[in-house]
Every structure is written in structure tokens, then in C-alpha cells.
Amino acid sequence: MGTAFNTETLRQSIEGNTATNLLSLYADDAELRVVDRNTQPSSPRVLHGREEIGELLEDVYSREMTHKLERCVVDGDTVAFSESCRYADGVRVLAESMITLRDGKIAEQIMIQAWDE
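The sections below set out a description of the structure shown in this document.

The rules behind these values
Residues numbered from 1 in each chain as written. Predicted model: local features only at pLDDT ≥ 70, side-chain atom pairs only at ≥ 80, totals over all residues. Heavy atoms only, no water. Helix = DSSP H or I, 4+ residues; strand = E, 2+ residues; numbered from the N terminus. Contact = heavy atoms within 4.5 Å. Salt bridge = Lys/Arg side-chain N within 4 Å of Asp/Glu carboxyl O. Buried < 20%, exposed > 50% of the residue type's maximum accessible area, 1.4 Å probe, protein only. Pairing = 2+ DSSP bridges. Patch = residues over 30% accessible without salt bridge, like charges linked within 9 Å, V, L, I, M, F, W, Y side chains within 5 Å. Areas by Shrake-Rupley, 256 points an atom, 1.4 Å probe, with all protein chains shown as cover. Polar contact = N/O pair within 3.5 Å; in protein donor to acceptor, adjacent residues only side chain to side chain. Arc of directions from axis to C-beta. Axes fitted to C-alpha atoms, helices over the stretch in contact; angles between N-to-C directions.

## Focus on the environment of I99
So, point 1. With respect to the helices and strands, I99 occurs in strand β5 (residues 92-102).
So, point 2. In this structure, I99 is in contact with F5, D77, T78, V79, F81, I106, E108 and Q109, ignoring residues within four places of it in sequence.

Here you go:
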């Protein structure tokens, strides 16, 4: 995949069926903050490093669901994107992310997600 970040690589990684390619986009010391109904802004879920982020991604990609990159905007070392997901039973998830790149890799990510209940 190389070290340069690009939207098409992000799309292929998100829409793929394994966590491996998506995880390769993260820096070794990346941080991911997740805000949702269960982990609200005052106490987000914070994952440190590729190992912790990889565990989350492996869990997500082990589920029977599809992922789609809806929109992506790149401005220098800042990227914003929308991702929609759908479980086999029809439940939908929407995630909005803001990331900071360092040397072409994701160094920081804030993800806000909501799902059907």
C-alpha cells in the first residue's frame, strides 16, 4: 500500500472484508477515540496503538455486515469521512470520522457513530 495516504486506498480498505488493509493505514502509535451512545463525549472509548485498534477492527470485520465509504475530504494532513454500514438483519450504522495524518499514516482519529435501535 505504500506510505502515501489516498482516498481510494481508504475506500478499498473500509469496503474490504478483513481488517488487515484498514489497520495498515494506522501509525504504530495511533490513537482512536470513539464516541457513541455507550461512550459519550465526556468519557469516550480511547484505543492506543495498532494492537488495540486492531482488536476493535477484527471484531467489527468478523461480523456479517457491509461497509461503505460515503464521502471523504482531504485537506493536507486532515481527513474527514463518512462511513455507512449495514448488518445482515438490516440494522444500519453511520460513522463520521476526523483523522490527522503523520507521514501518510493515521495518527489520530475521532469517530462518532450511531446505529439503529
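## Observations regarding the pattern of salt bridges
A pair can form between side chains of opposite charge whenever their charged atoms are brought close.
So, point 1. Under the counting rule described, the total for this entry stands at 7 salt bridges.
So, point 2. With its nearest N and O atoms 3.3 Å apart, the salt bridge here joins R37 to E117. Within this pair, whereas R37 is found in the loop between β1 (26-35) and β2 (45-48), its partner E117 is found in the segment after β6 (105-115), the two being separated by 80 residues in sequence. Exposure class is identical for R37 and E117. Each is exposed.

## A few points about the pairing of strand β4 (residues 78-87)
So, point 1. For strand β3 (residues 65-75) and β4, the ladder comprises 10 bridges, and the chain directions are antiparallel. Directly across from K68, in β4, lies its bridge partner S84.
So, point 2. Direction of pairing for β4 relative to β5: antiparallel, over a ladder of 9 bridges. For R86, the partnering residue across the bridge sits in β5 and is R92.
So, point 3. Linking two consecutive strands that pair antiparallel, namely β4 and β5, is a turn of 4 residues; a positive phi of about 100 degrees is found at G90 within it.

## Digging into a nonpolar patch on the surface
So, point 1. On the surface, a nonpolar cluster with roughly 260 Å² of combined accessible area is contributed by M98, I110 and I112.
So, point 2. Under the relative-accessibility criterion, I110 is labelled partly exposed at 32%.

## Remarks on the side chain of S13
So, point 1. With respect to the element layout, S13 can be found in helix α1 (residues 7-15).
So, point 2. When its relative accessible area of 1% is taken as the criterion, S13 is described as buried.
So, point 3. For S13, the side chain forms a polar contact with the main-chain oxygen of T9, separated by 2.8 Å.

## Some remarks on α1
So, point 1. Buried within α1 we find T9, L10, S13 and I14. Along the axis of α1, the buried positions cluster into a sector of 125 degrees, meaning they face one direction only.
So, point 2. Of the surrounding secondary structure, the elements contacted by the buried residues of α1 are α2 (20-23), α3 (49-61), β3 and β4.
So, point 3. For α1, the N-terminal capping position is held by N6, with its side-chain oxygen 3.1 Å away from the main-chain nitrogen of E8.

## Side note on the sheet that holds β2
So, point 1. Taken in spatial order, the 6 strands line up as β2-β1-β6-β5-β4-β3 in an open sheet, and their pairing is mixed. Looking along the sheet, the strands with just one partner apiece sit at the ends: β2 and β3. Averaged over all neighbouring strand pairs, the angle between strand axes comes to 15 degrees, with direction disregarded.
So, point 2. Sheet strands touched by α1: β3 and β4. Its angle to β3, the strand with the most contacts, is close to 160 degrees.
So, point 3. Relative to β1, α3 is tilted by about 55 degrees, and along the sheet it contacts β1, β2, β3 and β4.

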